[in-house]
Number of protein chains: 2
Amino acid sequence: MAELSKESGVPVATVKYYLREGLLPPGERTSRNQARYDDAHVRRLRLVRALLDVGGLSISEVKEVLAALDSRKAPVHAVLGLAHQGLPLAGAEIGAGDREWARGRVRTLLAERDWDCAEDAPAVEALVGVLGTLRSLGHEELAVVLDRYADAAERIAEADLDSVARLETAESIVESAVVGTVFGDALLVALRRLAQADASAKRFG
Amino acid sequence: MAELSKESGVPVATVKYYLREGLLPPGERTSRNQARYDDAHVRRLRLVRALLDVGGLSISEVKEVLAALDSRKAPVHAVLGLAHQGLPLAGAEIGAGDREWARGRVRTLLAERDWDCAEDAPAVEALVGVLGTLRSLGHEELAVVLDRYADAAERIAEADLDSVARLETAESIVESAVVGTVFGDALLVALRRLAQADASAKRFG
């Protein structure tokens, strides 16, 4: 375990905690107080650490992502859907009026774009929650960006799919899709800040 | 306080907690155990609740956003920059090799796009951290999306600026920019999931 800690850069106490929480499979026991860990353990440790630190996921959310990653029998589209289920989306408690208004906006958007997704998908609920919250805060003017955001999201999703489609095994496609979805969010957030700073400098600077 | 709780939908114990944490300014004291709260308190309470629940921010991150929101004296571009400083970005601890590689990628991106931003801006550091983490996880192939993401980010930032530029006072521009930046991230994340589901269904379904 000392070697595993050194190789991965994760402290021994943290490795033990991940083992207890089931975020890391146990090593192969070689004696009463020794176990053998392999490269898969190092990779998994780095992934867990990164999902917690960069992805900002909670321990239980990391468990869901790993479960999606480890269930590798279904066809690619189904497993990608499962991985999505495991990825966290913010929830919101909003009033019935705001929810109805938001649901109408989302329904129109999905119909106009002919997006193929279940009406009770977690991302649909998340979208309704965010739009409804904007309205409850008196900022429904921000919903005007929705269509242009959706255009951008389509381009982003095409880039995402191109990036995973060039991989060879279903296993690597799914791992890359999960990692790419979580870290892609973080990439986009950072790029959006930089592009905003540039646009603001050019317009108001 | 009972009325404030009822109006905002936030439990009294939570309102007291926000007051102690300085997330909500104190009401105007009218007697030893009564205070008057106004519409600004209701709005602020809803915003705090939404930043925590939908934005997924921590208490201390909410404090930073509110501080950015309340500092309204500088010119618009400067205040937008200040607001950005207060907005949270994920951090990452990565090795020197991965950091150097990532910094090179980011420097090239900024130069090619001629984006007007400081090389030590928090979003630049965030971008370096995410890219470096992807490489440390053995997923540097995901960096191929960077240019297409940056194209999308430019379109998104233009939509963001158009949306705030139509507002009249500097005060409302800044509030809308802060709210739009935090909730815009959540909108994008949800839309990206939906667009991915659609693209995956069409390609692999």
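Thresholds applied
- Residues numbered from 1 in each chain as written.
- Chains lettered and ligands numbered in written order.
- Predicted model: local features only at pLDDT ≥ 70, side-chain atom pairs only at ≥ 80, totals over all residues.
- Heavy atoms only, no water.
- Helix = DSSP H or I, 4+ residues; strand = E, 2+ residues; numbered from the N terminus.
- Polar contact = N/O pair within 3.5 Å; in protein donor to acceptor, adjacent residues only side chain to side chain.
- Contact = heavy atoms within 4.5 Å.
- Salt bridge = Lys/Arg side-chain N within 4 Å of Asp/Glu carboxyl O.
- Buried < 20%, exposed > 50% of the residue type's maximum accessible area, 1.4 Å probe, protein only.
- Domains from an automatic or database assignment.
- Buried area = accessible area lost by both parts, 1.4 Å probe.
- Least-squares fit on C-alpha atoms with pLDDT ≥ 70 in both.

Q: Looking at this model, I keep getting lost on the side chain of A:H41. Mind explaining?
A: All names here are of chain A. Within the fold, H41 resides in helix 3 (residues 39-53). A distance of 3.0 Å separates the side chain of H41 from the backbone oxygen of P25, its partner in a polar contact. In terms of polar contacts, H41 uses its side chain to reach the backbone carbonyl oxygen of P26, at 3.5 Å. With near-sequence residues (within four places) excluded, H41 lies in contact with L4, L24, P25, P26 and G27.

Q: Would you explain the pattern of salt bridges in this entry?
A: Side chains carrying opposite charge are able to pair once their charged atoms draw close together. Residue and element names in this part refer to chain A. For the structure on display, the rule yields 32 salt bridges over all chains. Taking the shortest distance from any N to any O, the salt bridge between D151 and R113 comes out at 3.0 Å. Here R113 lies in helix 6 (residues 96-113) and D151 lies in helix 8 (residues 146-165), a separation of 38 residues in the sequence. Assessed through its relative accessible area of 37%, D151 is described here as partly exposed. Take R113: its relative accessible area is 17%, and that puts it in the buried class. Two residues, D198 and K202, come together in a salt bridge whose shortest N-O distance is 2.8 Å.

Q: Help me understand the domain arrangement of chain A in this model?
A: Buried accessible area, meaning the area lost when the parts come together, often serves as the stated size of an interface. Residue and element names in this part refer to chain A. According to the domain assignment, chain A contains domain 1 (1-53), domain 2 (59-88 + 167-205) and domain 3 (89-145). Contacts between the two partners involve ten residues from domain 1 and, on the opposite side, eleven residues from domain 2. In total, about 1000 Å² of surface goes out of reach between domain 1 and domain 2, with carbon and sulfur atoms giving 73% of it. Joining domain 1 to domain 2, the criterion identifies one salt bridge. E21 is the partner of K63 in a salt bridge, and the nearest nitrogen-oxygen pair spans 3.4 Å. The interface formed by domain 1 and domain 2 holds one residue pair in polar contact (both at pLDDT 80 or more) in total. The set of elements that each furnish at least two residues to the side of domain 1 that touches domain 2 consists of helix 2 (12-21) and helix 3.

Q: How should the interface of chain A and chain B be read in this particular structure?
A: Counting residues at the interface gives 84 residues for chain A, matched by 84 residues for chain B. Here chain A and chain B share twelve salt bridges between them. For B:R192, the salt bridge is made with A:D160, and the minimal N-O distance between the two is 3.0 Å. Seen at the junction of chain A and chain B, the total is 22 residue pairs in polar contact (both at pLDDT 80 or more).

Q: Looking at this model, I keep getting lost on the relation of the copies chain A and chain B. Mind explaining?
A: One chain copy maps onto the other through a rotation about an axis and a shift parallel to that axis. Screw-axis analysis of chain A against chain B gives a translation of 0.0 Å along the axis, an RMSD of 0.3 Å, and a rotation angle of 180 degrees. Look at the turn and shift together and you get a two-fold axis relating the two. No C-alpha of chain A approaches the rotation axis more nearly than that of A:A152, which lies at 2.5 Å.

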